[in-house]
Amino acid sequence: MAVPVYEIAKDFVFSAAHQIRLHGGKCERLHGHNWRVRVHARASELNRIGMVVDFADLQALVAEIGKRFDHRNVNEVPPFDEVNTTAELLARFFYVEAKRALAEREGGRVTVAKVEVWENEGSLAVYREE
């Protein structure tokens, strides 16, 4: 028998600079993006009012994680003062932080399915755990 899966997603946008250490190309120089982070939350059971989690609550959770980067140099924000600032590693960071926050808030009923991070309209990195 199939297990039901409900999934929602919410976007968060922030502007920030970064430079990719050891890149060897132009991305090693300081430059900026209007980053878009999309967090997908999933559950096999809906809450008492029929939601995975309220979109506004998911937005607030992602905004809380992301506010440390807004209008900053990502390379100066832990853990990216030591970890490279690639879209892939930012996606993993948001995944881990959102998963922890959702577990605290929802008691394990809701988890993160995946996180997508765009540096621009055409460049996307995805992190998920299988």
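What comes next is a walk through the structure. Just so it is clear, the model here is predicted, and its values are computed rather than measured.

### Describing the overall build of the protein
Assigned secondary structure in the protein consists of two helices and four strands. Helices (α) and strands (β) of the protein occur, in sequence order from the N terminus, as β-β-α-α-β-β. Considering only residue pairs separated by 6 or more positions, the protein has 67% of its internal contacts joining residues 24 or more positions apart. Counting every atom, the protein has about 7500 Å² of accessible surface; 50% of that belongs to carbon and sulfur. Seen as two clouds, the 18 positive and the 20 negative side-chain charges of the protein have centres 2 Å apart.

### Here we look at the sheet that holds strand 1 (residues 6-18)
Here we have four strands laid out as an open sheet, ordered 1-2-3-4, and antiparallel in their pairing. Each of the sheet's edge strands pairs with one partner strand only, and the pair in question is strand 1 and strand 4 (123-127). Across the sheet, the axes of successive neighbouring strands diverge by a mean angle of 20°, strand direction being ignored. Strand contacts of helix 1 (residues 55-66): strand 1 and strand 2 (31-43), with the helix running at about 30° to strand 1, the strand carrying the most contacts. Sheet strands touched by helix 2 (residues 87-106): strand 1, strand 2, strand 3 (111-120) and strand 4. Its angle to strand 3, the strand with the most contacts, is close to 145°.

### What about unusual backbone geometry?
Put simply, Pro-78 and Pro-79 share a cis peptide bond, and its omega is 5°. For Pro-79, the location among the structural elements is in the loop between helix 1 and helix 2. Phi is positive for Leu-22, which is not a glycine, with a value near 65°. Considering the arrangement of structural elements, one finds Leu-22 in the loop between strand 1 and strand 2. Phi at His-71 is positive, roughly 55°, even though this residue is not glycine. Residue position: His-71 is located in the loop between helix 1 and helix 2.

### A look at helix 1
Compared with an ideal rise of 1.5 Å per residue, which puts 12 residues at 16 Å, helix 1 spans 16 Å between its outermost C-alpha atoms and is within 8% of the ideal. Within the sequence span of helix 1, burial applies to Leu-58, Leu-61, Val-62, Ile-65 and Gly-66. Buried positions in helix 1, seen along its axis, are confined to an arc of 130° and lie on one side of it. Looking at the buried residues of helix 1, the elements they touch are strand 1, strand 2 and helix 2.

### Brief notes about the environment of Leu-30
Checked against the element boundaries, Leu-30 lands in the loop between strand 1 and strand 2. Excluding anything up to four places from it in sequence, Leu-30 contacts Ala-17, His-18, Gln-19 and Asn-73.

Reading guide: rules and limits
Residues numbered from 1 in each chain as written. Predicted model: local features only at pLDDT ≥ 70, side-chain atom pairs only at ≥ 80, totals over all residues. Heavy atoms only, no water. Helix = DSSP H or I, 4+ residues; strand = E, 2+ residues; numbered from the N terminus. Contact = heavy atoms within 4.5 Å. Areas by Shrake-Rupley, 256 points an atom, 1.4 Å probe, with all protein chains shown as cover. Lys, Arg positive; Asp, Glu negative; His and termini not counted. Charge placed at Lys NZ, Arg CZ, Asp CG, Glu CD. Pairing = 2+ DSSP bridges. Axes fitted to C-alpha atoms, helices over the stretch in contact; angles between N-to-C directions. Expected span 1.5 Å × (residues − 1). Buried < 20%, exposed > 50% of the residue type's maximum accessible area, 1.4 Å probe, protein only. Arc of directions from axis to C-beta.

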